[in-house]
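Chain residues, written in single-letter form:
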Amino acid sequence: MGGLKPDQIILALDVDTSEEALSWAKRFRGKIGTFKIGLQLYLRSGVEVLSGLQKLEVPIFLDLKFHDIPNTVGQAVRAVAPWKPRFLTVHASGGEEMMAAAVSHAAKETHVLGVTLLTSLSEEAVRAVGWHSGVDGAVRNLSTLAKKAGLAGVVCSPHEAKSERLVWGEKGEVVTPGVRPKGSKEDDQARSKTPREALLDGASRIVLGRPILKAANPEAVLESILAEESIPIHENKKSDHIEKRGPK
Ligand code: C5P
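Residues numbered from 1 in each chain as written. Predicted model: local features only at pLDDT ≥ 70, side-chain atom pairs only at ≥ 80, totals over all residues. Heavy atoms only, no water.

Draft legend 1. Up close: the overall build of the protein chain. For the protein chain, the helix and strand inventory stands at ten helices and eight strands. A compact globule built from 248 residues would reach a C-alpha radius of gyration of about 18 Å, and the protein chain, at 17 Å, matches this within 12%. Overall, the C-alpha framework of the protein chain stretches about 45 × 40 × 35 Å when taken along its three principal axes. Put simply, of all contacts in the protein chain between residues at least 6 apart along the chain, 66% involve residues at least 24 apart. Carbon together with sulfur atoms contributes 52% to the accessible area of the protein chain, which is approximately 11600 Å² in total. Computed over 34 positive and 31 negative side-chain charges, the inter-centroid distance for the protein chain is 2 Å. (Helix = DSSP H or I, 4+ residues; strand = E, 2+ residues; numbered from the N terminus. Rg over C-alpha atoms; globule rule 2.2 N^0.38 Å. Contact = heavy atoms within 4.5 Å. Areas by Shrake-Rupley, 256 points an atom, 1.4 Å probe, with all protein chains shown as cover. Lys, Arg positive; Asp, Glu negative; His and termini not counted. Charge placed at Lys NZ, Arg CZ, Asp CG, Glu CD.)

And the structure:
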């Protein structure tokens, strides 16, 4: 495998203001394939960021993980369709009808991705909410259901990339956060894989936030990821993200 391609990388814009988000997007436009907006940013300045990113003509990943009755999710997807996001997420546990409603209301350029089980859920936590098939069984059921509903793929742990690739076939999207370049701090991504490992295991794209956002030299980090080299990465900050699911 050669180096990574910019389009295989998604930058998680986990910042508080639209100014910061847009300045990251300007800085890495053309060098990173897609820019991801999560709840943190969306709830503060969603419309501003979306319109700024649209003006910059960069591909948008709207990671709001919709989960509601089919009609409500369908209408929520319709509400964001004018922004023409390249990707948007729904919880696969909302069921086949809900996922199908999302697909049918999405803009034609949007790939709807399913979140199977959050990687913050441990085996014990999954069983405690009544998923008696455990993590593996639940992930398998949910991704099969997501495929049946017409989704374009899933967001999952790099540890699930191999099995998800089998479900989705060659063309499906298998998007993995929880990746850390060699030499980078783990933060709270306790079971991370490197970008290269995730892609070799079948991921189509990787999501990166802090390894770039908190880097002393973000451009150098990106370059090293694209070249798959190993350099010291970043000054780490305390974080609030919890990754619990154990290795397979
Ligand atoms: O900073 P870091 O690279 O850990 O950011 C990862 C991004 O991927 C964050 O936006 C986080 O919310 C998201 N994510 C994750 N693990 C999941 C699902 C999403 O880290 N299981």
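On we go from here.
Draft legend 2. Layout of the nonpolar core. Ranked by size, the top nonpolar core spans 61 residues in total, and within it L53, V90 and I212 carry the most contacts. Beyond its immediate chain neighbours, meaning those up to four positions away, I212 contacts L11, W24, F28, I32, P218, V221 and L222. Of all hydrophobic cores here, the second largest spans nine residues; its members include F87, L113, V115 and V207. (Core = buried A, V, L, I, M, F, W, Y, C linked by side-chain atoms within 4.5 Å. Buried < 20%, exposed > 50% of the residue type's maximum accessible area, 1.4 Å probe, protein only.)

Draft legend 3. Examining unusual backbone geometry more closely. Positive phi, close to 60°, is recorded for E57, a residue that is not glycine. Within the secondary structure, E57 is located in the loop between α2 (39-56) and β3 (60-66). Judged by its relative accessible area of 70%, E57 falls in the exposed class. At K84, a residue that is not glycine, the phi angle is positive and equals roughly 50°. You can see K84 is positioned in the loop between α3 (70-80) and β4 (87-91).

Draft legend 4. Examining the packing of aromatic side chains more closely. All chains considered together, the criterion is met by two aromatic pairs. Between W24 and F28 the ring centres are 6.1 Å apart and the planes differ by 10°, which places this aromatic pair in the stacked class. Remark: F28 and W24 occur in helix α1 (residues 18-28); sequence separation between them is four residues, near one turn of the helix. Owing to a relative accessible area of 11%, W24 belongs among the buried residues under this scheme. Look at F61 and F87: their rings are 5.6 Å apart centre to centre, the planes differ by 55°, and that puts the pair in the tilted class. Of the two residues, F61 is situated in strand β3 and F87 in strand β4; the sequence distance between them amounts to 26 residues. Residue F61 is classed as buried on the basis of its relative accessible area, which comes to 1%. Relative accessible area serves as the criterion here: at 0%, F87 is assigned to the buried category. (Phe/Tyr/Trp six-rings, centres within 6.5 Å; stacked < 30°, edge-to-face > 60°.)

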